[in-house]
Each structure stands twice: as structure tokens, then as C-alpha cells.
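# Structure assessment
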Amino acid sequence: MKKRKLINFIKGFRIEKTEEKLQQYVKMCFLDTIMVLSAGTRNQSSGKAATFAKKYFSGADATILRTGERVGLMGAALANAMAANALDMDDGFNLTKGHPGAGIIGGIISASEMLECSYGDFLSALLVGYEISMRQGLCVQNYYNFYHSTGAYIGVGIAAAINKLWNTTDEELVNSIGIADYYGPLVPCMRTVREPSMNKDGIYLGTQIGVEAVLLARSGFDGKAPLLLDDRYKDHIRTLGEKYYIYDLYFKFFSCCR
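Here is a short report on the structure shown in this document. (Residues numbered from 1 in each chain as written. Predicted model: local features only at pLDDT ≥ 70, side-chain atom pairs only at ≥ 80, totals over all residues. Heavy atoms only, no water.)

### Some points on the packing of helix α4 (residues 73-85) against helix α10 (residues 203-218)
Interhelical geometry of α4 versus α10 gives an angle of 155° and a closest axis separation of 8 Å. Between α4 and α10, the angle falls in the class roughly antiparallel. Here α4 runs over α10; the crossing is right-handed. Between α4 and α10, the residues in contact are L73, M74, A77, L78, A81, M82 and N85 and I203, Y204, T207, Q208, V211, E212 and L215, respectively. Looking at side-chain class alone, the contact of α4 with α10 contains 10 nonpolar, 3 polar and 1 charged residues. (Axes fitted to C-alpha atoms, helices over the stretch in contact; angles between N-to-C directions. Helix = DSSP H or I, 4+ residues; strand = E, 2+ residues; numbered from the N terminus. Parallel < 35°, antiparallel > 145°, perpendicular 65-115°, else oblique. Left-handed = near helix turned anticlockwise from the far one by under 90°. Contact = heavy atoms within 4.5 Å. Nonpolar A, V, L, I, M, F, W, Y, C, P; charged D, E, K, R; others polar.)

### Details of the environment of I177
Positionally, I177 belongs in helix α8 (residues 170-183). Considered as a pair, I177 and C117 are 60 residues apart in the sequence and their alpha carbons are 21 Å apart.

### A look at the pattern of salt bridges
One pass over the structure, following the stated rule, counts 11 salt bridges. Among the ionic pairs, R14 bridges to E16, the shortest N-O distance being 2.9 Å. The class for R14 is partly exposed, based on a relative accessible area of 22%. Two residues, R14 and D121, come together in a salt bridge whose shortest N-O distance is 2.7 Å. In this pair, R14 sits in the loop between α1 (2-12) and α2 (20-40) while D121 sits in helix α6 (residues 119-144), placing the two residues 107 residues apart along the sequence. Its relative accessible area of 27% is what places D121 among the partly exposed residues. Bridged by salt links that share partners, the residues R4, K11 and D170 form one connected network. (Salt bridge = Lys/Arg side-chain N within 4 Å of Asp/Glu carboxyl O. Buried < 20%, exposed > 50% of the residue type's maximum accessible area, 1.4 Å probe, protein only.)

In short, geometric facts, not functional conclusions.
And the structure:
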């Protein structure tokens, strides 16, 4: 059953039980993106996101890496994702013409701080976030038959990863994925190419949606029938734990899209 396979992969995946090659690759993805994020904290857009998060997301769940201030989980994830995408140095996935790493790291690094998870838990969630995001991206591009930016689908991967860290129920996990799928911003990438702005790849809003979806599901909201569980995309579920799309990522040597 597709739903059970999805749940089992998200909840059961452990990075330390995989081959050394995959473990090293996930660590490389983390180091690449966290260094890009660190550099991006000096960017103007990162500063504006930090100010926004501090003003509108009260709390002390996690740290805005630009300023060291603690805010609510959604605010920290949004600000940190903006910093990771600020310089256009974040990793890319050619099959969706997208950039999954920035949003995933923004969401997971914030949630992992709040939940005080272990290093192994963090790396396991990071891999889950990548694999589910990239599969969701393939579904979105096929279903809508239109080129959408990364913000349209990373929320689903972020929701999956945070559920893994938070040890939520199966129902909450599936509902959060459904919510993130439905409310993921269908970002029309080519419009922001024509008229550049901080909207860019929609990553910061997609990250916020992914985190919010988990919080909504834990509050009792439901979200049915995510694209990943549609019969036409069953091969994306069937290959979980067997095929790793993370190997298809590319890393940037220059501040631009490949």
C-alpha cells in the first residue's frame, strides 16, 4: 500500500543504516547548504526576512541565524530559508529545475533546534526532506504541466522531515503532507525571471507552508489525497529507500542557476 510505504520510509529511515557513500553525500549536502546559508545571512533580503520574522512570529522556538534572536518556529524557518537562498548558491535538481536544499535546511535546522534532536536524527530527516521534496516536485511539474518554482513543492518534504523529528502519529504525518501539498504556492517562475524580485524561487514561503502544515495537522486539521499518493505517481513511492534522487543534485561554483 502506497500510504504505508510512505509512512514507513519517513519514520523508519536511518542514515547510519545506509551505505557509506550515501552517508557522506548527505553530509556534503548539509555542509554545502549551511555554508551558503551562513554567507547569505549578510545579504539584504536575509536582513529583511529576519526583521519580519522577529516582528510577526513571537516565541522562542528557534534561532534566526542572521541575528541570533529566537522566534517562533515558522518565523525562524522562513528567515533561515531566505538566507540559504539569498545568494543563489544553493544546490539544484535539474529534473525540476529547482533548488531543494535551501528550504529544507531552513525548516529542518529550525525544527531540530526546537526539538533538540541528535546529529543522526538530523541527517536522517535531511535525507527524508530531500527525497520527498524532489519526488513531490516531479509530481507537481507533471500534474500541472507548467514550470513551477521550488516553493511549490518543498513544503511537502519539509513537513515529512519535521514529522520524522517530532515523532507524530501516522495520521498527523499524512495530513501534514496533504496540507503542505494543497497550500504549496504554485510559483510561476518565469514571471520573476522577467522582473526580478525577492520572490525569486518562492522558497521562503514554501518553507513556511511546510512548517505550518505540521502545526496544523498536530492541531487536528486534516489534508487528504496528496499528489504523492495518486496512483499515477506510484513509482515515486515504490522506489523510496531504493533510488535516491539526492545523488542527482548539483552544486554551484558560481552565484547563478545552472
